[in-house]
Amino acid sequence: MRTRGKLLVAGAPAIALALGTLSAVGLAGPTFAAAPTKKLAAVSVVTNGTQAQAKAAFDWTDAMMAAAKPMDTVKVKGTGQPGPAPAIRAGTTPGAIAGSAGAAGSAAVAKAAASVAPFTVAPQSGGFTYPTPFTRYEVEPQVRQVWPYTTIGKLYFTQNGGNYVCSASAIGPHSIWTAGHCSSDGAGHFSTNVVFVPGLRDTNKPFGKFSCNALWTTSAWHFSGDLQYDYAGASCGLNAKGQDFAASTGWLGFAWNWGYGLHYDDFGYPAAAPFNGVRMQRCESSFGHADTRVTGLQEQAIGCDMTGGSSGGPWIWQFGTGNYVNGENSYKYVSPAEPLEMYSPYYGDLAKAVFDAATA
């Protein structure tokens, strides 16, 4: 478990030490020394570059996957209470890039969506105070191999000598999206042995395993553990059948600069109690509030009770139609204890820059 009294917080583009009142917990974080406290001149995109592995250094067996753990929580102690924020966020031009069903097809998407009762709580003006309303359930096994469910899976990796699990989603023919703390320890060290397993259920892997080599995240996360920029992308190779995501799972779209006030379908593979880590879970929730305990680019909360192992799972806006990733499972508060809400960084221009790097 990593504990810090301060965390580098980024405003665009400069970064300053400004987080004396935040108390948050990342859904996954290894045990390691505190990150460097240097002040960065600007927030940028960083990659493991030429150190990228051509394939995983070892083959993840079922036994190794079962033994991998949701990473220890990252804690920042302090005080303060969240509150609703305006649903409209002023900023630069919003944008969105469409996903693709690929060979996965989409004929059963409408039928699958209709099999689930719709979320009925309408977002209030400015959102909700804690706890933000949500519904959460296990994804039915019959839709796991229906796009866009096919794009979501578990992420296995090694960080500081330990084997861990997160969640992730396909965002291009050769690319995935996850949390920054799943790609880097926040202290300048990238993860290794990264393998993505879409559509996992128990030990069944309907699309096989994809080894992911080059990783991209933000300098603010990679060097300073800044939760406001805790997102990452990676490029992946082919499965054992020689398929990429176009030939197997399809991929999700991506959206940025759309402000607050949206409704999300949040997916992940929570592994910490009371979950078992091998069943895909889904939370449905509208925007709750911005993280007013943070200055600068504020993260946003939705209602969700998923636990460690769900880190990096996508927040999908317009699920079943647009299917845009517009957030991911990043952290929860533990002081005060708020287990029924999940936070994501706000996706602005820098998130798009990481997406562009990972999908180039």
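Now for a quick tour of the structure. Only a predicted model underlies this, so the values are computations on that prediction, with no experimental measurement involved.

### Some thoughts on the environment of Ala 179
Residue position: Ala 179 is located in the loop between strand E12 (175-178) and helix H3 (180-183). Put simply, Ala 179 and Gly 327 are 148 residues apart on the chain and 9.4 Å apart in space, counted from C-alpha to C-alpha. Filtering out sequence-adjacent residues up to four positions away, Ala 179 remains in contact with Asp 230, Tyr 231, Ala 232, Ser 311, Gly 312, Glu 328 and Asn 329.

### Observations concerning unusual backbone geometry
Geometrically, the link from Tyr 130 to Pro 131 is a cis peptide bond, its omega value of 0 degrees lying close to zero. With respect to the helices and strands, the residue Pro 131 is situated in the loop between helix H2 (109-114) and strand E9 (135-138). Residue Ser 335 is joined to Pro 336 through a cis peptide bond whose omega torsion reads 0 degrees. By the element assignment, Pro 336 lies in the loop between strand E23 (331-332) and strand E24 (341-344). Residues other than glycine seldom take positive phi values, yet Asn 193 does so here, at roughly 55 degrees.

### Observations concerning the sheet that holds strand E21 (residues 314-317)
Adjacent strands of a sheet pair through backbone hydrogen bonds, lying either parallel or antiparallel. Read across the open sheet, the seven strands follow the order E8-E16-E22-E21-E17-E18-E9; overall the sheet is mixed. Strand pairing shows two members of the sheet lacking a second neighbour, strand E8 (95-97) and E9, which therefore form its edges. Each neighbouring strand pair of the sheet contributes to a mean axis angle of 30 degrees, computed without reference to strand direction. Packing against the sheet, helix H5 (residues 349-359) makes contact with E8 and strand E16 (253-256), and its axis sits at approximately 150 degrees to E16.

### Regarding the packing of aromatic side chains
In total, this model carries 23 aromatic pairs according to the counting rule given. Judged by centre distance (5.4 Å) and plane angle (50 degrees), the rings of Trp 60 and Tyr 156 are tilted. You can see Trp 60 sitting in the loop between strand E5 (45-47) and helix H1 (62-67) and its partner Tyr 156 sitting in strand E10 (residues 152-159), a full 96 residues away along the chain. No difference in accessibility class separates Trp 60 from Tyr 156, as the two residues are buried. Each residue in the set Trp 177, Tyr 229, Tyr 231, Phe 254, Trp 256, Tyr 347 and Phe 355 is aromatic and connected to the rest through ring pairs, giving one cluster. Here the guanidinium or amino end of Lys 352 rests over the ring plane of Trp 256, the centre of that ring lying 4.8 Å away.

Definitions and limits used
- Residues numbered from 1 in each chain as written.
- Predicted model: local features only at pLDDT ≥ 70, side-chain atom pairs only at ≥ 80, totals over all residues.
- Heavy atoms only, no water.
- Helix = DSSP H or I, 4+ residues; strand = E, 2+ residues; numbered from the N terminus.
- Contact = heavy atoms within 4.5 Å.
- Pairing = 2+ DSSP bridges.
- Axes fitted to C-alpha atoms, helices over the stretch in contact; angles between N-to-C directions.
- Phe/Tyr/Trp six-rings, centres within 6.5 Å; stacked < 30°, edge-to-face > 60°.
- Buried < 20%, exposed > 50% of the residue type's maximum accessible area, 1.4 Å probe, protein only.
- Lys NZ or Arg CZ within 6 Å of the ring centre and 35° of its normal.

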